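One letter stands for each residue in the lines below.
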Amino acid sequence: ILDPDAQTAAGFEAQRQGDLAARTAAFAGAQAEARTADSKHVEVVAHLATAAEAQVALQAGAEGVGLLRTEFIFQERTEPPGEEEQYAVYRQVAEAMAGRPVVIRTLDIGGDKLVAHLQILKEDNPQLGWRAVRFCLARPDIFKTQLRAMLRASVHGAIAIMFPMISGIEELRKVKAVVQEVMSELDAAAISYNKDIKIGSMIEVPSAVMLADLLAQETDFFSIGTNDLIQYLLAVDRVNEKIAHLYDPAHPAVIRMIHQTAQAARVRKIPCSICGEMAGDALYTELLLGLGITSLSMAAVAIPVIRAEISHINLEEARTLARKALKMRTDDEIRVLLAGRHHVRAD
Ligand code: PEP
Ligand code: MG
């Protein structure tokens, strides 16, 4: 708004003050457990893009790490990091979290995340290309080194391994077979690791949602990557500004997919988290809990606000809200429904 009149400016200033007050209050209550108004615990964890962010996450009240993006260890250098260097990073995060869960994602390179020394050539459709587990399965040298480092670090905390971009059962079995292979090698060398380490699958490709009932039988937990899921489901490149208005978390198809995934997880009694940006937007918190999501992973800065939002939510009401949303036909209808309900401003 260019040259706002005094009344408009005053309106925005009042809104800004309200936002700041809400944020300050939310940070003050950050160390309390995240509980709904009807006293149900919701796990609120942080995603980290570097090991150094672990302390910030704890200060913000994170109950652990829901997504450690490991790409940072591979970027801004001329060759892949070795096992010792990676082990030190994973151990550092696990120790900082002192027994809290730490979900480490295997290398999710390619697509929008490039690393020069890995020689991923320019592709016509990088988002549909040689990325994540597709890359790792083609480069077992890099993949196994990372898995060895993660497994060795698993004796220092509650580390879980998570695979990005899983699109079906065969792929899941292949990556799990590589984990088994690395475990056997560690056994042969008498190197210790957590033999019960949890292995989870990201759900961020629509085919994985359609097969969620089957994937849930062969994985210990789900984490829905809404950033990519929305991109692939709605055919909207997540980094193309021209079509950014079409990238819509409130799209009815997105809501249905989250529901389908959460239900498949519930049937097999495995946890189902969200680790895309949607988890850090208070507009969606009640809906996500109502759809059956049991854990939310977000940037540390969003944690206090989401915890505060959770404290206003009644789980039964959330389920009723989700049932209503699932019957809606357009994103506008869903947005109006949600806007009338969320309590703490997140922006
Ligand atoms: C996602 O796709 O939602 C996700 C968490 O992974 P990234 O944003 O790193 O692709
Ligand atoms: Mg992703």
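Report on the accompanying structure.

Okay, helix α13 (residues 303-311) next. Counted residue by residue, α13 has seven buried out of nine residues, so it is predominantly covered. For α13, the complete set of buried residues consists of I303, P304, V305, I306, R307, E309 and I310.

Moving on, we come to the environment of S273. Position of S273 among the secondary structure elements: in strand β7 (residues 272-274). Under the relative-accessibility criterion, S273 is labelled buried at 10%. A C-alpha to C-alpha distance of 24 Å links S273 and L246, two positions 27 residues apart in sequence. Among all residues touching S273, those that are not within four sequence positions of it are F222, S223, I224, I293, S295, L296 and S297.

This paragraph deals with the packing of aromatic side chains. Any pair of aromatic rings gets described here by the distance separating the centres and the angle formed by the planes. One pass over the structure, following the stated rule, counts two aromatic pairs. Ring geometry for W130 against F135: centres 4.9 Å apart, planes inclined by 65°, an arrangement best described as edge-to-face. Classification of W130 as partly exposed rests on a relative accessible area of 31%. With a relative accessible area of 0%, F135 lands in the buried category. With a centroid separation of 6.1 Å and an interplanar angle of 70°, the aromatic rings of F143 and F163 are classed as edge-to-face. Taken as a pair, F143 in helix α6 (residues 140-153) and F163 in strand β4 (residues 158-163) lie far apart in primary sequence, 20 residues in all. In this structure, F143 and F163 share a single accessibility class: buried.

Reading the values: the criteria
- Residues numbered from 1 in each chain as written.
- Chains lettered and ligands numbered in written order.
- Predicted model: local features only at pLDDT ≥ 70, side-chain atom pairs only at ≥ 80, totals over all residues.
- Heavy atoms only, no water.
- Buried < 20%, exposed > 50% of the residue type's maximum accessible area, 1.4 Å probe, protein only.
- Helix = DSSP H or I, 4+ residues; strand = E, 2+ residues; numbered from the N terminus.
- Contact = heavy atoms within 4.5 Å.
- Phe/Tyr/Trp six-rings, centres within 6.5 Å; stacked < 30°, edge-to-face > 60°.

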